[in-house]
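# Per-entry structural report
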Amino acid sequence: MSNTEVTTEDNVKEQLDSFDIKVSDPVVVSRIQETCNAIGIQADKFVDEWILYTLKVDSGDIKFVLTPDDLDTFLPVLKQSSSVALASSSKPVSIARVGTNRRQGEMVTAPEDLEMIEKYADEETKEKARKEISSMQSLITMDEREEGIPVFKHDPTEDTPYFARKNRGMIIATINEEHLPDQWKDASLTIKWYNSSPPTDRDPCMIELVSSHPAVKPLTAPYKYMDPKQAIDAQVMDEQADEMSELMAIELDIPEFDTLEVSGQDIWVSGRLASDFDNEDEHANSELKSASFAIVGTRETSARHRWAKLDISKLDKYSLFPGQIIAVRGYKNPDEKYFHVREIRTGVPPPIIGRPITTCPLIVYIIAGPYTSSKDLEYEPLNDFIKVINEAKPDLLIMMGPVVSEDNTALGTPELQCSYDELFRRQIEILLDATSKIGTKVVIIPSLKDIYHPPIFPQPPYPNLNLKENILKGANPAKIGTHSHLYPNPAQFDFNTIRFAVSSTDVIAHMVKKEVAVEMTDRFARILGHLFSQRKFYPLYPPSVEVNLEITKGIHLAINQRPHILVIPSQMKEFLRLEGPTLCVNPGRLVRGETGGSFCRLRLAEDGFSGQIIKI
């Protein structure tokens with residue numbers, strides 16, 4: 001739909017539905033339609049702006065119920081924008097951040113008004129606002145301001161104390177309901193499906209960590225990082241791009257890609273997508289703009305000319321992000337600086353792994369931290385979840401960090417009476433003690449937000465827990481630990497014949513902020529598709545400021561076989577969805593702010609995979 005076409009209520013409903021955004025009153029749809037037509041934007045751009053607005057203002061979470069009061073707040077801000085082009089460009093915006101001094105838990109708060117000023121005001125007003133907070137510049141880095149991800153600020157609904165939550169046991173997502181056990185179809189956790197077979201009578205469950213790439217072994221130990229040799233990083237990135245280019249050449253049935261030196265001919269070239277900036281200040285911002293695409297070739301494929309600006313005006317639809325390895329067909333005239341794109345390819349998905357074979361249904365529970373309120377160290381939600389699995393007796397539990405989150409404000413108070421390591425050990429030992437008694441295998445994966453563990457990605461496993469020094473009375477140290485597996489982040493492992501690919505890093509939220517798409521729907525499907533087509537857990541480059549990416553270890557981020565189940569917890573809306581042959585799971589987090597979050601349970605059987613996401 002062009003900018004001149006009239007927006008209808010059906011257009012608005014379609015765009016809201018694509019993000020599962022509900023309205024509390026039908027009048028909301030009518031008001032959105034009127035606003036779109038009045039200021040000359042399309043419904044999809046309105047929804048994009050609403051999502052960006054809530055990501056920035058409402059603590060990094062999309063608000064999925066739109067009320068008239070929300071419109072009363074948002075519409076005036078949108079209408080006062082100095083240029084509607086800000087909305088139609090799909091360019092993520094730079095705002096102030098409410099953040100922390102990493103590893104110290106020090107609160108750093110920027111003026112609330114700066115968020116909206118940076119997004120909508122003119123340059124003079126922005127500059128004035130920046131000067132007013134100049135005294136805080138030493139506490140808030142440029143990267144943090146550009147990223148705009150609040151750490152301690154939560155949605156008001158997350159301020160409800162955990163004990164006062166009202167939605168416990170509510171089923172918020174389901175897939176393949178016809179294959180669920182009858183007991184799972186009850187929305188109340190007072191009726192729990194459980195594995196009635198005692199541990200000794202169950203079919204044996206084998207777990208094996210698999211390598212991300214045939215050329216390397218799985219990441220099982222700490223490694224040296226922060227090597228400042230940029231030439232090595234560049235070489236590694238070139239090798240990754242060349243490997244994907246070879247796959248795309250085979251798919252396109254061409255012997256090899258041409259170089260950017262060739263002009264005036266219709267050719268195929270490949271490289272990594274980046275932004276082209278006109279000045280050094282803009283270079284600090286890696287976000288793509290629709291008019292500033294550039295392709296960066298490798299030493300092997302690009303000869304002397306390693307990059308070129310891209311003109312993508314002839315493409316009807318696309319979905320692009322920084323760091324994406326692409327192939328483009330087009331031409332470049334000798335007297336022009338643009339490569340005119342006629343066709344684009346965005347990677348090659350990995351081969352599908354074989355069909356899983358299960359002699360009987362397997363039950364898998366999935367949880368992601370944090371596991372206690374952002375303001376205490378009681379771990380009440382984790383204790384409640386342990387009660388759930390004590391009754392459910394699943395075959396496998398996948399547990400992802402953070403266990404001791406850097407965002408927890410209680411870590412800097414007298415409430416903390418031990419080291420971070422000891423606090424972590426206590427919670428893990430309680431969990432392993434419970435699961436050892438019911439025969440549940442446990443896979444434990446770290447998080448970049450674990451305050452005591454190296455915040456590098458890919459991330460080595462948690463250190464050996466030395467469980468023979470178990471502090472629990474009556475626990476059997478010889479039994480605890482034999483059923484647990486400490487895996488890296490990300491990790492790929494086989495549970496019997498079922499391949500899991502798991503990462504605790506929120507690549508979904510990071511890519512939502514960086515992706516630029518035209519005439520495309522279902523953003524979550526696109527982003528999940530990018531992970532497969534780029535064959536990588538984290539294809540975004542430069543990465544989010546939350547991710548300390550160790551480029552030389554990037555081979556451990558590879559996805560060279562399409563898994564049966566992909567698990568990525570995210571601050572975005574929880575989901576269970578099939579993307580091709582893969583079941584994709586965002587289980588949410590066990591705790592959101594001060595209140596309860598969610599967990600996932602799956603039934604894996606010959607007749608198909610089914611599951612639910614449930615509020616704790």
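The shown structure was predicted, so the numbers you read here are calculated from the model rather than taken from an experiment. (Residues numbered from 1 in each chain as written. Predicted model: local features only at pLDDT ≥ 70, side-chain atom pairs only at ≥ 80, totals over all residues. Heavy atoms only, no water.)

### Considerations on the overall build of the chain
Looking only at helices and strands, one finds 15 helices and 26 strands in the chain. Burial statistics for the chain: of 616 residues in total, 57% are counted as buried. Looking at the chain alone, contacts between residues at least 24 apart form 73% of all its contacts between residues at least 6 apart. Counting only carbon and sulfur atoms, one obtains 50% of the accessible surface of the chain, whose full area is about 26600 Å². (Helix = DSSP H or I, 4+ residues; strand = E, 2+ residues; numbered from the N terminus. Buried < 20%, exposed > 50% of the residue type's maximum accessible area, 1.4 Å probe, protein only. Contact = heavy atoms within 4.5 Å. Areas by Shrake-Rupley, 256 points an atom, 1.4 Å probe, with all protein chains shown as cover.)

### Quick notes on the sheet that holds strand β18 (residues 498-502)
Overall, mixed pairing links the six strands, which are arranged β6-β17-β18-β20-β22-β21 in an open sheet. In this open sheet, the two edge strands, each paired with only one partner strand, are β6 (207-210) and β21 (575-579). On average, adjacent strands in this sheet sit at an angle of 25° to one another, irrespective of strand direction. As paired strands, β18 and strand β20 (residues 565-567) are joined by three bridges and run parallel to one another. Within β20, the residue paired with Val502 across the bridge is Val567. Together, β20, β21 and β22 (582-586) form the strand contacts of helix α15 (residues 523-533), whose direction differs from that of β21 by roughly 55°. (Pairing = 2+ DSSP bridges. Axes fitted to C-alpha atoms, helices over the stretch in contact; angles between N-to-C directions.)

### With respect to a negative patch on the surface
A contiguous patch of negative charge, built from Glu9, Asp10, Glu14, Asp17 and Glu34, is present on the exposed surface. Counting residues per element, the negative patch draws most heavily on helix α1 (residues 9-18), which supplies four residues. Relative to the helices and strands, Glu34 is located in helix α2 (residues 27-39). Judged by its relative accessible area of 52%, Glu34 falls in the exposed class. (Patch = residues over 30% accessible without salt bridge, like charges linked within 9 Å, V, L, I, M, F, W, Y side chains within 5 Å. Salt bridge = Lys/Arg side-chain N within 4 Å of Asp/Glu carboxyl O. Lys, Arg positive; Asp, Glu negative; His and termini not counted. Charge placed at Lys NZ, Arg CZ, Asp CG, Glu CD.)

### Description of the pattern of salt bridges
Pairing between side chains of opposite charge can happen when the charged atoms of each approach one another. Within the structure shown, the criterion is met by 20 salt bridges. Here Asp433 and Lys437 are joined by a salt bridge, their closest N and O atoms 3.5 Å apart. Highlighted residues: Asp433 and Lys437, both in helix α13 (residues 420-438), separated by four residues, approximately one helical turn. Across the pair Arg499 and Asp494 runs a salt bridge, and its minimum N-O distance is 2.4 Å. Accessibility assignment for this pair places Arg499 and Asp494 in one class, buried.

### Notes on the packing of α1 against α2
For the pair α1 and α2, interaxial distance at closest approach is 9 Å and the crossing angle is 110°. Comparing their axes, α2 and α1 come out roughly perpendicular. Judged by the sense of rotation from one axis to the other, the crossing of α1 with α2 is right-handed. Residues Glu9, Val12, Lys13 and Leu16 of α1 touch α2, and the partners they reach there are Val29, Ser30, Ile32 and Gln33. Grouping the constituent residues of the contact of α1 with α2 by class yields four nonpolar, two polar and two charged. (Parallel < 35°, antiparallel > 145°, perpendicular 65-115°, else oblique. Left-handed = near helix turned anticlockwise from the far one by under 90°. Nonpolar A, V, L, I, M, F, W, Y, C, P; charged D, E, K, R; others polar.)

### A closer look at empty space enclosed by the protein
Going through the model one piece at a time under the given rule, you end up with five cavities of 30 Å³ or more. Roughly 110 Å³ of volume is contained in the second largest cavity. Breaking the lining of the second largest cavity down by element, the ones donating at least two residues are β6 and β17 (491-495). Tallied by class, residues from the lining of the second largest cavity come to nine nonpolar, five polar and no charged. (1 Å grid on protein atoms, 1.4 Å probe; cavity = no way out; pocket = protein on both sides within 12 Å on 5 of 7 lines; lining within 4 Å. Points joined across faces, edges and corners; volume = space filled by probe spheres on them.)

### With respect to the sheet that holds strand β15 (residues 441-445)
One open sheet holds the seven strands; their spatial order is β5-β26-β25-β13-β14-β15-β16, and the pairing between them is mixed. Either end of the sheet is taken by a strand with one partner, and the two such strands are β5 (171-175) and β16 (484-486). Recorded for the sheet is a direction-independent mean angle of 15° between the axes of neighbouring strands. Pairing analysis gives five bridges linking strand β13 (residues 362-368) to strand β25 (residues 598-605), with the strands arranged antiparallel. Its bridge partner being in β25, Ile363 is matched across the sheet by Arg603. In the packing of helix α12 (residues 380-392) onto the sheet, contacts are made with β13, β14 (396-400) and β25, and the angle to β13 comes to roughly 180°.

### Some points on the packing of aromatic side chains
Within the structure shown, the criterion is met by 14 aromatic pairs. Seen in terms of ring centroids, Phe385 and Phe599 are 5.3 Å apart; in terms of plane orientation they differ by 70°. Their pairing is edge-to-face. Separated by 214 residues along the polypeptide, Phe385 in helix α12 and Phe599 in strand β25 bring together distant segments of the chain. This pair shows no difference in class: Phe385 is buried, exactly as Phe599 is. When the centroid spacing of 4.7 Å and the interplanar angle of 40° are considered together, the rings of Phe424 and Tyr452 count as tilted. In this pair, Phe424 is assigned in helix α13 and Tyr452 in the loop between β15 and β16, connecting sequence segments 28 residues apart. As far as burial versus exposure is concerned, Phe424 and Tyr452 are alike and both buried. Three or more aromatic residues link up through ring pairs in this structure, and these residues are Phe46, Trp50 and Phe74. Seen from the ring of Phe575, Arg577 lies directly overhead, with NZ or CZ sitting 6.0 Å from the centre. (Phe/Tyr/Trp six-rings, centres within 6.5 Å; stacked < 30°, edge-to-face > 60°. Lys NZ or Arg CZ within 6 Å of the ring centre and 35° of its normal.)

### Notes on the confidence of the model for the chain
Chain-level statistics for the chain give a pLDDT mean of 79 and a share of 76% at 70 or above. Confidence, expressed as mean pLDDT per element, reaches its minimum in the chain at strand β3 (residues 99-101) with 32 and its maximum at β20 with 98. Note on residues 82-113: pLDDT under 50 across the span, and 91 contacts to partners over four residues away in sequence or across chains. Between residues 196-201, whose pLDDT stays under 50, and residues either more than four places distant or in other chains, the model counts four contacts. (pLDDT = per-residue confidence, 0-100.)

### Notes on the pairing of strand β9 (residues 307-311)
Across the five residues that make up β9, a large majority, four, are buried. Taken together, the three bridges between strand β8 (residues 293-296) and β9 define a ladder with antiparallel strand orientation. Within β9, the position partnered with Ala294 by the bridge is Lys309. Pairing of β9 with strand β12 (residues 338-345), which is carried by three bridges, proceeds in the parallel orientation. In the strand pairing of β12, Asp311 is matched with His340.

### Topic: helix α14 (residues 507-514)
Extensive coverage of α14 is indicated by the burial of eight of its eight residues. Residues Val507, Ile508, Ala509, His510, Met511, Val512, Lys513 and Lys514 constitute the buried set of α14.

### Points about the side chain of Thr582
Residue placement: Thr582 occurs in strand β22. At 3.0 Å, the side chain of Thr582 forms a polar contact with the side chain of Arg562. Every residue in contact with Thr582, bar those within four places of it in the chain, is listed here: Phe532, Arg562, Pro563, His564, Ile565, Leu566 and Arg577. (Polar contact = N/O pair within 3.5 Å; in protein donor to acceptor, adjacent residues only side chain to side chain.)

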